[in-house]
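# Reading the structure
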Amino acid sequence: MRILLHRADGKTEPWIKDFARHLPEAEVVVWQPGVKAAPCDYAIVWSPPEAMLRELSEVKAIFLTGAGADAILKFEQEISHEIPIIRLGDAGMGIQMAEYVTHAVLRYFRRLDEYDTQARAGVWDQLPQHHKEDFAVGVLGMGVLGMRVIQALKEFGFPVRGWSRTEKHVDGMQCFYGPEGLDTFLRGSNAVVCMLPLTPETSNVLNRGNMLKLPQGAYIINVARGAHVNEPDLLNLIKSGHIAGATLDVFRNEPLPMQHPFWQEPRVTITPHIAALTLRRESVQQIAGKIRQLEKGEPVADVINRLHGY
Ligand code: NAP
Ligand code: GLV
């Protein structure tokens, strides 16, 4: 069995070593521009270069080293629907998302962002506490990672609500779905966490009109993709006070350009796309297990639905 590997960072050796441990029968071939690799059974990529598309069209399945499929689906037309594209299902990302999002929500709920500002100004002042019943957290996207975050938020006692594409019933929370459920979801969410895949339907979901539906003083946490948020709209709503603060891990242009006004806005917290990192060992273990299932003719989880785009 031959596996074609592409890593944008060029750090292929640790991946090859991990595959040797989990799938010793496989030969891992590193993709190189301009070099035609011997025919491969599987490909492992994240955001493949366009020059790799021909090789991608010759494999039995394409594995992504991430949860989101938007980077490869920009080549949707060029990759046959016969070839399954299989993303990571959690693989150690769920707990990281839970840590990141609960940290951000607790920071706003306990007003630690404001205490930071006070401390810089040498101010010792106890602010009134927020109450949990007035601090509903709305999670856009109730998938593998969204549900892990919801579980963590519930453990802290936050009223949690979720929004998905299809109808769901989950104990202990309010569930909304579809475009018709979005308004009510937004109107009752004091903090919104975006955990959606990027698709034509979800792009720009956090635009001015939708953010204005949030209660005055709401918070935005985006750990999905930059294109979910209209960045100038968010900045304007922060300046007007409608949005009290935002924690953003993802941006339309990454790395966030130095001239971007977010850098100068203290109510925007910026992290460099680290909310849930790909954990190599967990990922290789999961991909190797799925390759074994495919080799036995068994179905595998986390195949991208090309119609829905995630
Ligand atoms: P997932 O399991 O595929 O879940 C996606 C969720 O979004 C599902 O609940 C789905 O609804 C919902 N959804 C999709 N389209 C929708 C629409 N048009 N309207 C309403 N809801 C919609 O994905 P995941 O594994 O949780 O990952 C979510 C995203 O996180 C990834 O796509 C990626 O972009 C992002 N991510 C970011 C980082 C980071 O470090 N910042 C790391 C990993 C992943 P249904 O349940 O009805 O299908
Ligand atoms: C990272 O953003 C991922 O989708 O895994």
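Our subject is the structure listed above.
Below you will find a few notes about this structure. Quick caveat, the model's predicted, so the values are computed rather than measured.

### Some points on the overall build of the protein
Each helix and strand in the protein was counted, giving 10 helices and 12 strands. Taking 19 Å as the expected radius of gyration for a compact globule of 310 residues, we find that the protein reaches 21 Å, a close match to that expectation. Along the first, second and third principal axes, the C-alpha set of the protein runs to 65 × 40 × 35 Å. Within the protein, the fraction of its 310 residues that count as buried is 50%. Contacts spanning at least 24 positions in sequence make up 62% of the contacts within the protein whose residues lie at least 6 apart. Here the protein has roughly 15200 Å² of accessible surface; of this, 53% comes from carbon and sulfur atoms. Between the centroid of the 33 positive side chains of the protein and the centroid of its 36 negative side chains there is a distance of 2 Å.

### Examining helix α6 (residues 144–155)
Here α6 is 12 residues long and its end C-alpha atoms lie 17 Å apart, about the 16 Å a rise of 1.5 Å per residue gives. Every buried residue belonging to α6 is among Leu145, Gly146, Val149, Ile150, Ala152 and Leu153, and all of these are buried. Along the long axis of α6, the arc covered by the buried residues comes to 165 degrees, so they all point the same way. Here the buried face of α6 lies against α4 (93–109), β6 (137–140) and β7 (160–164). Where α6 ends, the next residue or the one after it, Gly157, has phi of about 85 degrees, a positive value.

Each value, and the rule that gives it
- Residues take numbers from 1 onward in each chain, read along the sequence in its written order.
- To label them, take the chains in the order written and letter them from A, then take the ligands in the order written and number them from 1.
- Selection of residues for local features in this predicted model requires a pLDDT of at least 70, selection of side-chain atom pairs for listing and counting requires 80 or more, and totals for whole chains, interfaces and linings are taken over all residues.
- Values reported for side chains reflect all heavy atoms of the structure, with hydrogen atoms and water molecules removed beforehand.
- Here a strand is any run of E in DSSP of at least two residues, a helix any run of H or I of at least four, and the numbering for each starts at the N terminus.
- Note that the radius of gyration is over C-alpha atoms, with the globule rule given as 2.2 Å times the number of residues to the power 0.38.
- Burial here depends on accessible area, computed with a 1.4 Å probe over protein chains only, as a share of the maximum for the residue type. Under 20% is buried, over 50% is exposed, and the range in between is partly exposed.
- Contacts were defined at the residue level, with two residues in contact if any of their heavy atoms lie within 4.5 Å.
- Methods summary: accessible areas were calculated by the Shrake-Rupley approach with a probe of 1.4 Å, and residue burial reflects only the protein chains presented.
- Positive charge is attributed to Lys and Arg, negative charge to Asp and Glu, and no charge count is given to His or to the chain ends.
- For this purpose, a charge sits on NZ of Lys, CZ of Arg, CG of Asp or CD of Glu.
- Helix span, expected: 1.5 Å multiplied by one less than the number of residues in the helix.
- Taking the helix axis as origin, the arc is that swept by the directions to the C-beta atoms.

Function cannot be read off these values alone, since they describe shape.
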